[in-house]
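Given next are the chains, with one letter for each unit.
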Amino acid sequence: MTPAGIRLLLRRLRPATIRMRLALLAAAITLVPLTAAAIPIARTERTAQMQNADRKAAGTSPDIDTMINSLHGGNPPDCTRSFQPAPGSEYKDTSLCRPTKKTRASQGKLSLIPWTDPVRGPVPIRQIIYRAYVHAGVDDLAVTQSLEAEQARLNTIVRLLICGIAGMTLVVSGTTWFAAGRVLRPVETIRADFADLSAHHLDRRVPVPRSGNEIARLAVTMNSTLDRLQAAVEQQRQFTADASHELRTPLACLRTELELALNHPDTADWPRVVHDAHDDTLRLQALAGDLLLLARLDAGAADPPPGPPFDLTELVRGETGRRRLPSHLTLTALIHPAPIPVHGHQALLTRVLGNLLDNAERHAAGTVTVGLTCDAEHGQAVLEILDDGPGIPPEHHQRIFERFSRLDDARTRDSGGAGLGLAIAERIATTHHGTLAIVPSLQGAHFVLRLPTGTPPPRDPLNTATSSDPTEARWTPPGTEM
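Criteria and thresholds
- Residues numbered from 1 in each chain as written.
- Predicted model: local features only at pLDDT ≥ 70, side-chain atom pairs only at ≥ 80, totals over all residues.
- Heavy atoms only, no water.
- Helix = DSSP H or I, 4+ residues; strand = E, 2+ residues; numbered from the N terminus.
- Buried < 20%, exposed > 50% of the residue type's maximum accessible area, 1.4 Å probe, protein only.
- Contact = heavy atoms within 4.5 Å.
- Areas by Shrake-Rupley, 256 points an atom, 1.4 Å probe, with all protein chains shown as cover.
- Arc of directions from axis to C-beta.
- Polar contact = N/O pair within 3.5 Å; in protein donor to acceptor, adjacent residues only side chain to side chain.
- Pairing = 2+ DSSP bridges.
- Axes fitted to C-alpha atoms, helices over the stretch in contact; angles between N-to-C directions.
- Salt bridge = Lys/Arg side-chain N within 4 Å of Asp/Glu carboxyl O.

Draft legend 1. Quick look at the overall build of the chain. Counting its regular elements, the chain contains nine helices and 12 strands. Among the 482 residues that make up the chain, the fraction classed as buried is 32%. Taking the contacts inside the chain whose residues are at least 6 apart along the sequence as the reference set, 68% of them involve residues at least 24 apart. Accessible surface, the chain as shown: approximately 29300 Å² in total, 58% of it carbon and sulfur.

Draft legend 2. Quick look at helix α7 (residues 312-322). Residues of α7 that are buried include every one of Leu312, Thr313, Leu315, Val316, Glu319 and Thr320, and no others. Summarising the axial view, the buried residues of α7 lie within an arc of 165 degrees, below the 170-degree limit, and thus occupy one face. Residue Asp311 occupies the N-cap position of α7, its side-chain oxygen lying 3.0 Å from the main-chain nitrogen of Thr313.

Draft legend 3. Highlighting the pairing of strand β10 (residues 380-387). Judged by how many residues are buried, β10 sits mostly within the fold: seven of eight residues are covered. Counted between consecutive antiparallel strands, the loop separating strand β9 (residues 367-375) from β10 contains four residues, among which Gly379 sits at a positive phi close to 65 degrees. Pairing analysis gives seven bridges linking β10 to strand β12 (residues 446-452), with the strands arranged antiparallel. Counted as the bridge partner of Gln380 is Pro452 from β12.

Draft legend 4. Structural view of the sheet that holds β9. The strand order across the open sheet built from five strands is β7-β9-β10-β12-β11, with neighbouring strands paired in mixed fashion. What marks the edges here is a single partner per strand, and that holds for β7 (330-335) and β11 (435-439). Strand-to-strand twist of the sheet, defined as the mean angle between neighbouring strand axes without regard to direction, takes the value 15 degrees. Taken strand by strand, helix α8 (residues 346-363) contacts β7, β9, β10, β11 and β12, and its axis lies near 20 degrees from that of β10. Against the sheet, helix α9 (residues 421-431) touches β11 and β12, its axis set at about 130 degrees to β11.

Draft legend 5. Region of interest: the pattern of salt bridges. In this structure the tally under the stated criterion is 11 salt bridges. Between Glu314 and Arg317 there is a salt bridge whose closest N-O contact spans 2.9 Å. You can see Glu314 and its partner Arg317 sitting in helix α7, three residues apart, about one turn around the helix. Under the relative-accessibility criterion, Glu314 is labelled partly exposed at 47%. Classification of Arg317 as partly exposed rests on a relative accessible area of 25%. Among the charged side chains, a network of salt bridges with common partners joins Arg323, Asp358 and Glu361.

Draft legend 6. Summary view of the side chain of Asp387. Structurally, Asp387 is set in strand β10. From its side chain, Asp387 meets the backbone nitrogen of Gly389 in a polar contact 2.9 Å long. Ignoring any residue separated from it by four or fewer positions in sequence, one finds Asp387 in contact with Ala360, His363, Ala364, Thr367, Gln443, Gly444 and Ala445.

So, in structure tokens, the structure goes:
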């Protein structure tokens, strides 16, 4: 059988439940050491039985000479023999038939197999006590003693050891089976309740045992996960509903404009119809792009790429320089003179700055201020955007970062966006291990973006800007001057 086939066979033979595995493991842990301890006990007992048989045989030693005489009718055999030795000498050897060699031997062996037959078993249970060798008559004479009694006693002891080991193994494995069942019973209850959950019944929770052990902590963790899952599903449902609503509005407008033009082709202002349709198409494209970006950010597909950092100062300077605000607004840029390296996607961080500027432009009365500084103590780049508009009430500071959030629900599509700009900016900041927050301000909305820097830039010892651009002075937010 191939190794792959052996592994497949072992996987099939492996118990399917943890309860059975624990019971078998407990049985093995009990059986192995008890068996290892019983083997030397049985061997010691076998040695003791053999010694006992030797002592019993020594007390009843037979007379070999008498046995030889009895074998020859009571007379010793004629063992006299003559022979001619070397020339010139004569030697005559006359002796009775006496044993020339008499030895004591213990050649018997008791069996540790408890079902060994003491009479017809495969292991010899006869002990040779004496062995004698003679010149004539009887060449080899042996006296044996039966070990049947010793084998029977040894069999009884071995059976008792086997029964004790088997009983102890059964008791331990049975206790483990029962205890594992009691311990794993809450797990089965949790599994059954969790199997009944679905996307339509996420309000249910698994029961938490009162034991306070690992299973209870597992149930608490599962319930926490279900809480987050329910919140995510509800957020996804709300997001889908809001996205459908936002997509339906420009589509309805586009369809209405086209239907009116088609119903009255002679009186329709076709250039204006095409211009309005183009605007609605651009809005649909922008909304679809925002939704796709949010989906990528939620899926983690826009994590900061590895590699060398780029200069955030150049990014902010270039974006503010290209920005074209309406004639009634003024953009003031106060940018740190030294390079500020950060890691991440330049396009995404440009999108953050653009979304914040769009929001400020939409609500500013006359001035939009952009400031970029470096917090060397915490290793962070600090980008601040401030407008002089009506501001945002403190109770709505968290709500504005929600998707499709609008503080003024009555505004028209021409006066605002879809409510995704700040949500996208906050999600991008989080993806880059930074934060985006709104801080209290005396006037307007004050947004602060913090991003970790690649390497700390040099400090400005004079605490003033060294650039020739008069707009690049070190910025102090309005309302905080001394």
